[in-house]
Amino acid sequence: MAQKPKLFVTRRLPDDVEARIRRDYDALHNEDDAAYGPEDLVRLSMATKCEGILTCGTEKWTADVISRLPGHVKILATLSVGYDHIDVEAAGRKGLIVTNTPDVLTAATADISMLCLLGAGRRAQSSEKILREGKWGRWEPMAMLGVDVTGKKLGIYGMGRIGQAVAQRARGFEMEIHYCNRNRLPPEREQGAIHHATPEDMLPHCQFLSINSPGGADTYHFLNAGRIALLPDGAVVANTARGTVIDDNALIPALQSGKIGAAGLDVFEGEPDFDKRYLALDNVFLLPHVGSATIETRNAMGFRTLDNLDAWFAGRKPGDRVV
Ligand code: 8YV
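Just so we're clear, the structure is a prediction, and the values are computed from it rather than from any experiment.

Let us look at the sheet that holds strand 3 (residues 52–55). Taking strand neighbours across the sheet as the criterion, the five strands line up as 2-1-3-4-5 in an open arrangement whose pairing is parallel. Only two strands of the sheet have a single neighbouring strand rather than two, namely strand 2 (26–28) and strand 5 (97–99). When strand polarity is set aside, the average angle formed by the axes of neighbouring strands in this sheet is 20 degrees. Here strand 1 (residues 6–9) pairs with strand 3 via three bridges, running parallel. Note that in strand 3 the partner of phenylalanine 8 across the bridge is isoleucine 53.

Next up, the structure:
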């Protein structure tokens, strides 16, 4: 019987995914889900003599780490659609193939974008806090007033797969969809959404703003003080993309002053660390990066990652090759 390919798996994954890995690979699993730093990644890549690595967004594949990987490592398959944790240029220089998992987390992440828009707009966490703290008294005509989502103007920054799925959901809330994307979508995908070639053109329309762009250098601190100033007063901002897209030093004062009415944030710069000033605000709805956190979606992401690895080990081109 042919030897199973050697794989290094950096995180503990759902049972069905782990079972498929055990069936098809000679793998080093991370049973305890230990956190691997740069030295561990290099050391374990060497120790396992692996040709493939199955990683997640938690491991940082910097140019330095990639340059120190042994030559037997040929493919880095990430269980994520985003790959801003991988220096793809360094991977390209080394001839390392990189794959990701598009499509399979689109719906789950778009759902969380809606949850953030609604949770922020309707003050979900500060309302729940009242219950948990036993402070629910008489119904008050003026208590916990949020803003309607229905019928409002929604701007989507980043109209890729997830942005388009957010638009589809927001149409159910009768929202008027605006979007900012380098390229205008064809009419059948645009479905009446209004294209803006620049954020500066779109932001003044955004009573709600959903950030669905990739992370990385191109979008770093996109939402800064200057762009916040362009939003209508009281706008609601949701971010399920990457924390780096928002400048916390601009958003937090805007939330404090009421310039931004509320924010729903699933991602943070430097997560799991995050700017603790958010915790003192009652106009925020905060989640710990759960955009793709459903069992169905995580299984699908795991299987898609393995499909990419299987293809490469069978001598075929992986479907989701990014480098
Ligand atoms: C997860 C994500 O954090 O896929 C992404 O890009 O941001 C999230 O779904 C990621 O999959 C963790 O590896």
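Right, picking up where we left off after that structure.
All right, on to the state of the cysteines then. Every disulfide links exactly two cysteines, by a covalent bond between their sulfur atoms. Going through the model one piece at a time under the given rule, you end up with zero disulfides. Sulfur of cysteine 56: no disulfide; nearest cysteine sulfur belongs to cysteine 50 and is 15 Å away. Here cysteine 116 stays unpaired: no disulfide links it, and the sulfur of cysteine 206, its closest cysteine neighbor, is 16 Å away. Of the residues examined, cysteine 116 reaches a relative accessible area of 0% and is grouped as buried.

All right, on to the layout of surface pockets then. Empty space among the atoms becomes visible once a probe the size of a water molecule is rolled across them. For the second largest pocket, the calculated volume is near 240 Å³. Considering the residues around the second largest pocket, the lining is formed by Ser127, Ile130, Leu131, Lys135, Trp136, Gly137, Arg138, Trp139, Glu140, Ala143 and Met144. Residue classes in the lining of the second largest pocket are distributed as six nonpolar, two polar and three charged.

What follows concerns the domain arrangement of the protein. Assigned domains within the protein: domain 1 (6–104 + 295–313) and domain 2 (106–286). Inter-centroid distance (C-alpha atoms) of domain 1 to domain 2 is 31 Å. Listed as interface residues are six residues of domain 1 and, on the opposing side, six residues of domain 2. Together, Asp84, Asp103 and Thr297 form the three largest contributors to the area buried by domain 1 at its contact with domain 2, with a combined 66%. Joining domain 1 to domain 2, the criterion identifies two salt bridges. Across the pair arginine 242 and aspartate 84 runs a salt bridge whose closest N-O atoms are separated by 3.0 Å.

Turning our eyes to something else, we now look at the packing of helix 5 (residues 106–121) against helix 7 (residues 161–171). Two numbers describe how helix 5 lies on helix 7: the axes approach to 8 Å, and their chain directions differ by 55 degrees. Put simply, helix 5 runs oblique to helix 7. In terms of crossing hand, the pair formed by helix 5 and helix 7 is right-handed. Counted together, Thr106, Ala107, Thr109, Ala110, Asp111, Ser113 and Met114 of helix 5 and Arg161, Ile162, Ala165, Val166, Arg169 and Ala170 of helix 7 form the full contact between these two elements. A breakdown of the residues in the contact of helix 5 with helix 7 according to their chemical character gives seven nonpolar, three polar and three charged.

Time to look at the side chain of serine 80. Residue position: serine 80 is located in the loop between strand 4 (75–78) and helix 4 (88–94). In terms of polar contacts, serine 80 uses its side chain to reach the backbone carbonyl oxygen of glycine 82, at 2.7 Å. If near-sequence neighbours (up to four positions away) are discounted, serine 80 is found in contact with His85, Asn100, Thr101 and Met301.

Centre-to-centre distance and the angle between the planes together describe a pair of aromatic rings. Summed over all chains, the structure comprises six aromatic pairs. On the numbers, 5.9 Å between centres and 45 degrees between planes, the contact of phenylalanine 8 with tyrosine 36 is tilted. Here phenylalanine 8 is found in strand 1, whereas its partner tyrosine 36 is found in the loop between strand 2 and helix 2 (38–48), with 28 residues between them in sequence. Taken as a pair, phenylalanine 8 and tyrosine 36 share a single burial class, namely buried. Between tryptophan 312 and phenylalanine 313 the ring centres are 5.0 Å apart and the planes differ by 80 degrees, which places this aromatic pair in the edge-to-face class. On the basis of relative accessibility, which here comes to 23%, the residue phenylalanine 313 falls in the partly exposed class. Three or more aromatic residues joined by ring pairs form one cluster here, namely Tyr25, Trp312 and Phe313.

Glancing now at the packing of helix 1 (residues 15–24) against helix 12 (residues 295–313). Relative orientation of the contacting elements helix 1 and helix 12 amounts to 20 degrees, with a least axis distance of 9 Å. Classified by the interaxial angle, the pair formed by helix 1 and helix 12 is roughly parallel. Regarding helix 1 and helix 12, the two cross each other, and that crossing is right-handed. Residues Asp16, Val17, Arg20, Ile21 and Asp24 of helix 1 form the contact with helix 12, whose own contacting residues are Arg298, Asn299, Gly302, Phe303, Leu306, Asp307 and Asp310. Among the residues making up the contact of helix 1 with helix 12, the classes are represented as four nonpolar, two polar and six charged.

Turning our eyes to something else, we now look at the site of the ligand. The full set of residues close to the ligand is Cys56, Gly57, Leu79, Ser80, Val81, Gly82, Leu105, Arg242, His289, Ser292 and Met301. Within the backbone of leucine 79, one N or O atom sits 2.9 Å away from an oxygen atom of the ligand. In this structure, an oxygen atom belonging to the ligand sits 2.8 Å away from a main-chain N or O atom of valine 81. For the ligand, the accessible surface in isolation is 330 Å², of which the surrounding protein chains cover 86%.

Next up on the list: unusual backbone geometry. Residue proline 272 is bonded to the preceding glutamate 271 through a cis peptide linkage, with omega at 10 degrees. With respect to the helices and strands, proline 272 occurs in the loop between strand 11 (260–265) and strand 12 (284–286). You will see that glutamine 191, though not glycine, has its phi angle at about 45 degrees, which is positive. Considering the arrangement of structural elements, one finds glutamine 191 in the loop between helix 8 (187–190) and strand 8 (194–196). Residue classification places glutamine 191 among the exposed residues on the basis of a relative accessible area of 51%. Even without being a glycine, histidine 221 presents a positive backbone phi close to 50 degrees. Position of histidine 221 among the secondary structure elements: in the loop between strand 9 (208–211) and helix 10 (225–230).

Basis of the calculations
- Residues numbered from 1 in each chain as written.
- Predicted model: local features only at pLDDT ≥ 70, side-chain atom pairs only at ≥ 80, totals over all residues.
- Heavy atoms only, no water.
- Pairing = 2+ DSSP bridges.
- Helix = DSSP H or I, 4+ residues; strand = E, 2+ residues; numbered from the N terminus.
- Axes fitted to C-alpha atoms, helices over the stretch in contact; angles between N-to-C directions.
- Disulfide = S-S within 2.5 Å.
- Buried < 20%, exposed > 50% of the residue type's maximum accessible area, 1.4 Å probe, protein only.
- 1 Å grid on protein atoms, 1.4 Å probe; cavity = no way out; pocket = protein on both sides within 12 Å on 5 of 7 lines; lining within 4 Å.
- Points joined across faces, edges and corners; volume = space filled by probe spheres on them.
- Nonpolar A, V, L, I, M, F, W, Y, C, P; charged D, E, K, R; others polar.
- Domains from an automatic or database assignment.
- Contact = heavy atoms within 4.5 Å.
- Buried area = accessible area lost by both parts, 1.4 Å probe.
- Salt bridge = Lys/Arg side-chain N within 4 Å of Asp/Glu carboxyl O.
- Parallel < 35°, antiparallel > 145°, perpendicular 65-115°, else oblique.
- Left-handed = near helix turned anticlockwise from the far one by under 90°.
- Polar contact = N/O pair within 3.5 Å; in protein donor to acceptor, adjacent residues only side chain to side chain.
- Phe/Tyr/Trp six-rings, centres within 6.5 Å; stacked < 30°, edge-to-face > 60°.
- Near = heavy atom within 4 Å.
- Areas by Shrake-Rupley, 256 points an atom, 1.4 Å probe, with all protein chains shown as cover.

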